[in-house]
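Topology and contacts: notes
As a plain string of letters, each chain reads:
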Amino acid sequence: MADPSSYRPRPGEIPDSPGVYRFRDEHRRVIYVGKAKSLRQRLANYFQDLANLHPRTRTMVTTAASVEWTVVSTEVEALQLEYSWIKEYDPRFNVKYRDDKSYPYLAVTMNEEFPRVQVMRGHKKKGVRYFGPYGHAWAIRDTVDLLLRVFPVRTCSAGVFKNAARTGRPCLLGYIGKCSAPCVERISAEDHRELAEEFCDFMAGRTGTYLRRLERKMGEAAEDMEYERAARLRDDIGALRKAMEKSAVVLADATDADLIAVAEDELEAAVQIFHVRGGRVRGQRGWVTDKVEEITTGALVEHALQQLYGEETGDAVPKEVLVPALPDPVEPVQEWLTDRRGSGVSLRIPQRGDKKALMETVQRNAQQALVLHKTKRASDLTTRSRALEEIADALDLDSAPLRIECYDISHLQGDDVVASMVVFEDGLARKSEYRRFQIKGFRGQDDVRSMHEVITRRFRRYLAEKERTGEWADGENSGEGTPRADGRPGTDPGATPGSLAAPRAEADSGHQPVPGHTATSGHDAAPGQEAGCGHEAASGQEAAPGRQTVPGHEAADDLALTDGPALKDEDGRPKRFAYPPQLVVVDGGQPQVAAAQRALDELGIDDIAVCGLAKRLEEVWLPREDDPVVLPRTSEGLYLLQRVRDEAHRFAITYQRTKRAKRFRSSPLDDVPGLGETRKQALIKHFGSVKKLRSATIDQICEVPGIGRKTAETVAVALARSAPATPAVNTATGEIMDDEDGAPETTEDAPGEPVSAGTPDERRGQER
């Protein structure tokens, strides 16, 4: 626990200007981001007597080891930069609302030639009209089913659409009148787009026009004694009215507004948002957050506005936003919202009438959401805490293992050997920190050797990160006993008091901060490193010429996922393998555990516990123990270890199957330099198969659009080299298949050489 006075900036260092500040911990990870109208006044509040600070603020400043700031010109710029940094660094002490990306939207893909109505989740795409969000996907489907009677817009996927166009027969919806069937040209692209635009107008709240038009047509049909047509129009009107009833009128003046309510206690806060368009509630969503900092209701509202509109522009930001409390100050937030929309936005507290009554409804929803969340979390938190305590007792650990890493090896009869690393923190999966490895130290099937290699590579990288940033706890300046990145004894020449004080020396030189310039205060900043420097080679890529890599580390082998941030580098950005676990779990028994412990011993790591979970009897094996630890079958600790082990197995076998499938789909054309996917598909489409392409002449290959003579010669040479030297064998029957006997060919639908993978049951039996 750090003393805030050890990194407190000197008097006069902090400018009296608007800006954004960052607190970092001893590992250089950003743990808190804040903004201020006056950096000097705001930061001074953090360095007062600890007894006067809020408990959460006290925890933050004692966890931090340095503080730095960036000066900006206006408070609006500070708001924008704060949002960007919170999104980039994911600080642990900032308010973070639970992700709402799972909420479904009704989407109309106006960016396609034939727009499609569908349910969409996740990030919004350009050119797609969104309505919602909705609480449940079935609510969207019910509404769409009613509206398709009047607006028969396409709802099928691209594959179904192409298949119908090829066969000349529409799908079932086309036959029952709920699709205009543009796939078989029953309607032109222009008319279908107009139909989709009318659908969007109705969903946007402009309902009166269509109802009056249908009522007029129904009257005309009745006058002409076309009673069947009049009856259909009557049913259409009924369907539209039923769809409208699903979102009752709440504001009589057809207002477009978002209403935000907050329910909070000392520890948590729940936010509920109602989206009102055209006077009707068109969507609803909510978040829950831990109050990890001392924060007011107005500040919670400000964070909710950043979360809600940080990625939105145009009409997605309504003209009016109603809140229970205004941010302080409110002007920068209102100006920021205006910039996002492109026109004026009113941010205010409703005082009377329908809007105040609706706000009370939203507030009740927020209160109920908070109560429900606390009820669920109390049970879940109690169970997870008990599980971690049982594991600590069973393994004789000093404390509960708050971070657990589990490793598993997967292969198919010794081919495509891979490994996985999954991370659980506080008993919950942290998928953003999952990692996967390719075993390249040897070939063949050897789970014990593979486990040793993976553990060695993972913790060698951890030691390299510690050495590079000078984080040794003991003897870091004595020159004795400091392990090197390769596990050998050595010293860290960079970890000296003088070098670590470089940021302060720079501050004393009279250098004044300017807008957009970052200043730093603290004694652990890496000397001579600017923001964004020092990044390691990207996962799965070879180190570029001139790029520095850690000795003994195979940069291309440690594959990181692309689905989220991991840990932080010296600038606080995501970094791999920089944070140690309290417990390493391996999928296996005594041999795998011994291999993992041997790898840690070779690297000089003695503060990380190791255990293994054997599948057959669910026994827990410890290093250097002849007998396993047997946990009760009803133990929450055993259940947690099983979940961790099963998740590692799932992650490993998924990666192994992906690699195997990619190898099976490989084609001789993949080895042709300069031949991209488009031209490969053009070649296969022109010749029909790789075998026919192999027998083609260079002049025939040149006939394919986009293929020049030089490329054709390269293709011919590559295919000649890859020609099979032995006849193909049917692995199911053992029959030798030559060209005359009808050897299988690679067709346009399946580019690549044929490879038999066996039956599904055979494959499952061979996979590890």
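Residues numbered from 1 in each chain as written. Predicted model: local features only at pLDDT ≥ 70, side-chain atom pairs only at ≥ 80, totals over all residues. Heavy atoms only, no water.

1. Describing the environment of Ala 325
Put simply, the rule is: Think of it this way: any DSSP run of H or I at least four residues long counts as a helix, any run of E at least two long counts as a strand, and we number them from the N terminus. The contact rule is simple, with two residues in contact once any of their heavy atoms fall within 4.5 Å.
Here Ala 325 lies in the loop between β10 (320-322) and α11 (331-341). Linking Ala 325 and Val 262, residues 63 residues apart in sequence, is a C-alpha distance of 9.0 Å. Look past the residues within four positions of Ala 325 in its chain and what remains in contact with it is Thr 297, Gly 298, Val 301 and Ile 349.

2. Remarks on the pairing of strand β12 (residues 403-412)
To keep things clear, this is the line we draw: Partly exposed residues are those whose accessible area sits between 20% and 50% of the maximum for their type, while under 20% is buried and over 50% is exposed, using a 1.4 Å probe and protein chains only. The rule for pairing is simple: two strands pair if DSSP sees at least two bridges between them.
Among the ten residues of β12, ten are classified as buried, and the element is accordingly described as predominantly covered. Along β12, one buried face is formed by Arg 403, Glu 405, Tyr 407, Ile 409 and His 411 and the opposite face, lined by Ile 404, Cys 406, Asp 408, Ser 410 and Leu 412, is buried too. The antiparallel hairpin formed by β12 and strand β13 (residues 415-425) contains two residues in its connecting segment, where Gln 413 sits at a positive phi of about 55°.

3. Quick notes on the pairing of strand β7 (residues 257-264)
Of all eight residues in β7, seven are buried, a share of seventy percent or more. Note: β7 against strand β8 (residues 268-277), eight bridges, orientation antiparallel. Bridging across to β8, Leu 259 finds its partner in Phe 274. The turn joining β7 and β8, which pair antiparallel and follow one another in sequence, is formed by three residues. As paired elements, β7 and β10 share three bridges and run parallel to each other. Looking at the pairing, Ala 257 lines up with Glu 320 of β10.

4. Description of the packing of helix α3 (residues 75-89) against α11
Quick reminder of the rule: Helix axes are fitted only over the stretch in contact, all axes being lines through C-alpha atoms; the angle between N-to-C directions runs from 0 to 180 degrees. Orientation categories follow fixed angle ranges, with anything under 35 degrees roughly parallel, anything over 145 roughly antiparallel, 65 to 115 roughly perpendicular, and all other angles oblique. The classification used treats Ala, Val, Leu, Ile, Met, Phe, Trp, Tyr, Cys and Pro as nonpolar, Asp, Glu, Lys and Arg as charged, and all other residues, Gly among them, as polar.
Two elements in contact, α3 and α11, have axes separated by 9 Å at closest approach and are oriented at 70°. Judged by the angle between their axes, α3 and α11 are roughly perpendicular. Counting all contacts with α3, which are made through Glu 75, Val 76, Leu 79 and Gln 80, the residues of α11 involved are Pro 332, Val 333, Glu 335, Trp 336 and Asp 339. Looking at side-chain class alone, the contact of α3 with α11 contains five nonpolar, one polar and three charged residues.

5. Focus: a negative patch on the surface
Put simply, the rule reads: Like-charged residues within 9 Å of one another, or nonpolar side chains (Val, Leu, Ile, Met, Phe, Trp, Tyr) within 5 Å, are grouped into patches, provided each residue has over 30% relative accessible area and no salt bridge. Note on areas: these come from Shrake-Rupley sampling with a 1.4 Å probe, and a residue is covered only by the protein chains present in the view. What counts as a salt bridge is simple: a side-chain nitrogen of Lys or Arg found within 4 Å of a carboxyl oxygen of Asp or Glu. Counting rule applied: Lys, Arg positive; Asp, Glu negative; His and chain ends not counted. By convention, charge coordinates are those of NZ in Lys, CZ in Arg, CG in Asp, or CD in Glu.
Where like charges cluster on the molecular surface, the negative patch consists of Glu 113, Glu 190, Asp 191, Glu 194 and Glu 197. Summarising the element assignment, Glu 197 is placed in helix α7 (residues 189-203). We classify Glu 197 as partly exposed; its relative accessible area is 39%.

6. Re the sheet that holds strand β11 (residues 346-348)
Pairing within the open sheet is mixed, and its five strands lie in the order β9-β8-β7-β10-β11. The open sheet is flanked by β9 (280-290) and β11, the only strands paired with a single partner. On average, each strand axis in the sheet is inclined to that of its neighbour by 15°, with strand direction left out of account.

7. Some details on the nonpolar core
Stated formally: Residue types Ala, Val, Leu, Ile, Met, Phe, Trp, Tyr and Cys, when buried and joined through side-chain atoms within 4.5 Å, form a set referred to as a nonpolar core.
Residues Tyr 407, Ile 455, Phe 459, Val 584 and Ile 605 are the most contacted members of the largest nonpolar core, which totals 27 residues. Residue assignment for this core shows that the elements contributing at least two residues are β12, β13, α13 (447-469), β22 (583-587) and α16 (590-602). In terms of residues, this core owes the most to one element, α13, which gives six residues. Not counting residues up to four positions away in its chain, the partners in contact with Ile 455 are Tyr 407, Val 584, Ala 596, Ala 599 and Leu 600.

8. Some thoughts on the sheet that holds strand β5 (residues 117-120)
The strand order across the open sheet built from three strands is β5-β4-β6, with neighbouring strands paired in antiparallel fashion. With one partner strand each, in any of the chains shown, β5 and β6 (129-131) form the two edges of the open sheet. The average undirected angle you get between the axes of adjacent strands in this sheet is 30°. Where strand β4 (residues 105-108) meets β5, four bridges bridge the pair, whose relative direction is antiparallel. Residue Tyr 105 lies in a different strand from β5, and its bridge partner there is Met 120. Helix α4 (residues 137-147) contacts β4 and β5 of the sheet and is inclined by roughly 170° relative to β5. Sheet contacts for α7: β4, β5 and β6; angle to β4, the most-contacted strand, approximately 150°.

9. Side note on the confidence of the model for the protein chain
Any segment with low pLDDT has predicted coordinates that should not be analysed in fine detail. The test is simple: Per residue, pLDDT captures the predictor's confidence, and it can take any value from 0 to 100.
A residue-level look at the protein chain finds 75% of positions with pLDDT of 70 or above and a mean pLDDT of 75. The least confident element of the protein chain is helix α14 (residues 497-500), whose mean pLDDT is 32; the most confident is β22, at 92. Counted against residues more than four places away or in other chains, residues 522-567, with its pLDDT under 50, gives 111 contacts. Confidence drops under a pLDDT of 50 for residues 738-766, and excluding neighbours within four residues, the segment shows 45 contacts in the predicted structure.

10. Re helix α8 (residues 208-223)
To be explicit about the condition: The span you would expect from a helix comes to 1.5 Å times its residue count less one. The directions from the helix axis to the C-beta atoms are what the arc is built from.
The end-to-end C-alpha separation of α8 is 23 Å, in line with the 22 Å expected for 16 residues at 1.5 Å each. Inspection of α8 places Tyr 210, Leu 211, Leu 214 and Ala 221 among the buried residues, and these make up the whole buried set. An end-on view of α8 places all buried positions within 100° of arc, on one side of the element. For α8, the exposed residues set more than 90 degrees away from the buried face come down to Arg 212 and Glu 223. Once α8 ends, the next one or two residues include Met 225, with phi positive near 60°.

11. Section: the packing of α3 against helix α10 (residues 297-309)
Between α3 and α10, the shortest axis-to-axis distance is 11 Å and the interhelical angle comes to 70°. The angle between α3 and α10 places the two elements in the roughly perpendicular class. Only Glu 302, His 303 and Gln 306 of α10 make contact with α3, whose side of the interface consists of Leu 79, Glu 82, Tyr 83 and Ile 86. Each residue belonging to the contact of α3 with α10 can be placed in one class, and the counts come to three nonpolar, two polar and two charged.

12. Some points on the pattern of salt bridges
Scanning the entire structure with this criterion turns up 27 salt bridges. Between Glu 433 and Arg 430 there is a salt bridge whose closest N-O contact spans 3.1 Å. The buried category is assigned to Glu 433, whose relative accessible area is 4%. Close ionic contact of Glu 618 with Arg 645 constitutes a salt bridge, the shortest N to O distance being 3.1 Å.

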